[in-house]
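As a plain string of letters, each chain reads:
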Amino acid sequence: MSIFSRFNKGNPDLSSFDLSYHYHDPDREEIVVYNNGKGSKGPVKVVVMNEKKQQFEHGFEKIASRIGVLIHLAQFRDKNNLPFTGKLEQVQIHYYGQKLVFFPEGNKFKLGK
């Protein structure tokens, strides 16, 4: 049983998502959002938060099945259309009114409760 199945029983769509740093290197300032599910998922909104609790977001119409999508942190925009700045403190994946929350931990992400 995956970590996502344990946290999201009854919601196989949300449990399809995973997150990593590109090449597991936080200094690259790139993350990869994975859809490990059997079907395409969308729309999906990814929200990142910096140390000042400022929120920046990036949306996808669809993320194809069994694929990872690379996003540079500078692609995320705040409500004033300004790019992400600061230290990454949290990543949220929003899908159909529900969300997964991840926290950076070294060179990977830890799923929040």
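The model shown is predicted, which means the values in this text are computed figures rather than measured ones. (Residues numbered from 1 in each chain as written. Predicted model: local features only at pLDDT ≥ 70, side-chain atom pairs only at ≥ 80, totals over all residues. Heavy atoms only, no water.)

S.K.: Can you walk me through the side chain of Asp78 in this structure?
M.R.: Note that Asp78 resides in the loop between β5 (67–72) and β6 (88–95). Buried and without a salt bridge, Asp78 has Arg77 as its closest oppositely charged side chain, separated by 7.3 Å. Sequence-distant contacts of Asp78, that is, excluding residues within four places in its chain, are made with Gln55 and Phe56. (Helix = DSSP H or I, 4+ residues; strand = E, 2+ residues; numbered from the N terminus. Buried < 20%, exposed > 50% of the residue type's maximum accessible area, 1.4 Å probe, protein only. Lys, Arg positive; Asp, Glu negative; His and termini not counted. Salt bridge = Lys/Arg side-chain N within 4 Å of Asp/Glu carboxyl O. Contact = heavy atoms within 4.5 Å.)

S.K.: I keep staring at the sheet that holds strand β3 (residues 44–50) and nothing clicks. Help me out?
M.R.: Adjacent strands of a sheet form backbone hydrogen bonds with each other and so pair up, either parallel or antiparallel. Strand order in this open sheet of five strands is β4-β3-β6-β7-β8, and the pairing throughout is antiparallel. Each having just a single partner strand, β4 (55–60) and β8 (108–111) make up the two edges of the open sheet. Each strand of the sheet is rotated relative to its neighbour by a mean of 25°, with strand direction disregarded. Here six bridges tie β3 to β4, and the two strands are oriented antiparallel to one another. Looking at β4, one finds that Val48 is bridged to Phe56. (Pairing = 2+ DSSP bridges. Axes fitted to C-alpha atoms, helices over the stretch in contact; angles between N-to-C directions.)

S.K.: Which parts of the structure should I look at to understand the nonpolar core?
M.R.: Nonpolar side chains in soluble globular proteins generally cluster together in the buried interior. Core analysis: the largest hydrophobic core is formed by 24 residues, its most contacted members being Phe17, Ile31, Val48, Phe76, Leu88 and Val91. Those elements that provide at least two residues to this core are β1 (17–21), β2 (30–35), β3, β4, β6, β7 (98–105) and β8. It is β6 that provides the largest number of residues to this core, a total of four residues. The residues contacting Ile31, other than those within four sequence positions of it, are Leu19, Ser20, Tyr21, His22, Val48, Val69, Leu70, Ile71, Phe76, Leu88, Val91 and Phe109. (Core = buried A, V, L, I, M, F, W, Y, C linked by side-chain atoms within 4.5 Å.)

S.K.: Mind showing me how you'd approach the pattern of salt bridges here?
M.R.: Should the charged atoms of two oppositely charged side chains come close, the side chains can pair. One pass over the full model with this rule turns up four salt bridges. Two residues, Glu89 and Lys87, come together in a salt bridge whose shortest N-O distance is 3.8 Å.

S.K.: Whenever I open this one, the sheet that holds β5 confuses me. Can you help?
M.R.: Spatially, the three strands line up as an open sheet ordered β1-β2-β5, and their pairing is antiparallel. A single partner strand is all that each edge strand has here, and the edge strands are β1 and β5. If you compare each strand with its neighbour and ignore which way they point, the axes differ by 25° on average. In this structure, β1 lies alongside β2, joined through five bridges in antiparallel fashion. Directly across from Asp18, in β2, lies its bridge partner Tyr34.

S.K.: What exactly am I supposed to notice about unusual backbone geometry here?
M.R.: In terms of backbone geometry, most residues other than glycine have negative phi values and most peptide bonds are trans. A cis geometry characterises the amide bond from Gly42 onward to Pro43, with omega recorded as -5°. Inspection of the secondary structure puts Pro43 in the loop between β2 and β3. If you check the backbone angles, Tyr23 has positive phi at about 55° while not being a glycine. Positive phi, close to 65°, is recorded for Lys53, a residue that is not glycine. Note on placement: Lys53 falls in the loop between β3 and β4. Given the relative accessible area of 57%, Lys53 is considered exposed.

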